[in-house]
Amino acid sequence: MLWERENDIIESRTTENSRVFSRRQVSLGKAGWNMKNEYVTFTIGKKKNIALIAHDNEKPKLIQWCKDNYDILKQHNLYGTGTTSRLIADKAGLCIKGYNSGPLGGDQQIGAKIVEGVIDFVVFFSDPLTAQPHDPDVKALMRIAQVYDIPMAVNRATADFLIKSIYMDSEYDHEVINFNKNIQDRADSM
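This section reports on the structure supplied with the text.

1. Re the overall build of the chain
Phase 1 of the analysis: On a plain count of helices and strands, the chain comes out with eight helices and eight strands.
Phase 2 of the analysis: A burial count over the chain gives 45% of its 190 residues as buried.
Phase 3 of the analysis: The contacts of the chain with a sequence gap of at least 6 include a subset with a gap of at least 24, amounting to 76%.
Phase 4 of the analysis: About 10,200 Å² of surface is accessible on the chain, with carbon and sulfur atoms providing 53% of the total.

2. Some words on the pattern of salt bridges
Phase 1 of the analysis: Summed over all chains, the structure comprises seven salt bridges.
Phase 2 of the analysis: The closest approach of N and O atoms between Arg156 and Asp68, which form a salt bridge, is 2.7 Å. Taken together, the residues Arg156 in helix α7 (residues 156-163) and Asp68 in helix α2 (residues 59-68) connect sequence positions 88 residues apart.
Phase 3 of the analysis: Classification of Arg156 as partly exposed rests on a relative accessible area of 32%.

3. Brief notes about the packing of aromatic side chains
Phase 1 of the analysis: All chains considered together, the criterion is met by three aromatic pairs.
Phase 2 of the analysis: Ring geometry for Tyr167 against Tyr172: centres 4.8 Å apart, planes inclined by 65 degrees, an arrangement best described as edge-to-face.
Phase 3 of the analysis: Judged by its relative accessible area of 40%, Tyr167 is partly exposed.
Phase 4 of the analysis: Of the residues examined, Tyr172 reaches a relative accessible area of 32% and is grouped as partly exposed.

4. So, unusual backbone geometry
Trans is the prevailing form of peptide bonds, just as negative phi is the prevailing case for residues other than glycine.
Phase 1 of the analysis: With a phi angle near 55 degrees, Asp149 is a residue other than glycine that sits in the positive phi range.
Phase 2 of the analysis: On the secondary structure map, Asp149 appears in the loop between α6 (135-147) and β7 (152-153).

5. A word on the environment of Gly82
Phase 1 of the analysis: Of note, Gly82 is situated in helix α4 (residues 82-92).
Phase 2 of the analysis: Residue classification places Gly82 among the buried residues on the basis of a relative accessible area of 10%.
Phase 3 of the analysis: When the C-alpha positions of Gly82 and Gly102 are compared, they lie 6.9 Å apart, and in sequence the two are 20 residues distant.

Calculation rules
Residues numbered from 1 in each chain as written. Predicted model: local features only at pLDDT ≥ 70, side-chain atom pairs only at ≥ 80, totals over all residues. Heavy atoms only, no water. Helix = DSSP H or I, 4+ residues; strand = E, 2+ residues; numbered from the N terminus. Buried < 20%, exposed > 50% of the residue type's maximum accessible area, 1.4 Å probe, protein only. Contact = heavy atoms within 4.5 Å. Areas by Shrake-Rupley, 256 points an atom, 1.4 Å probe, with all protein chains shown as cover. Salt bridge = Lys/Arg side-chain N within 4 Å of Asp/Glu carboxyl O. Phe/Tyr/Trp six-rings, centres within 6.5 Å; stacked < 30°, edge-to-face > 60°.

All we've got here are geometric facts, nothing functional implied.
Set out below in structure tokens:
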């Protein structure tokens, strides 16, 4: 089966998180866990963990984009929200792990996976012309991608540029605010 719900593969998720955290711990070793450092270096591996999301009017465009980039996408770990992940599996033939539908918390689940270090690349074909009932969740996802310096495409042109980037086949080091230092500084000032 190409499409799986998160709760159906709890054991795999635990194994996956261990791998991801080990990767991040190695990256953190480069910058050191020195509380004086303002930033910490994270590494996005050669094999990307890509979230694929689309609003209803944009789903056909994302599915076509997945078909057009099948050979590249099949080499990476794919994640998606509700209906979008199901359609990608059924119509594009890609293996993808599904979370809840966006309005039912799926965007928040993807955001949480960014924070946990599981997802390091987002393609979100959003509909700029239609009001969304879960717009605050969408904004929160975009904000958390910014905070963690995660590449995020919100339309086909940007997605095309990202997937054809020289970084798609290599590791990429990027700096993120040292949140432990930030927490320590805030606690010290209170």
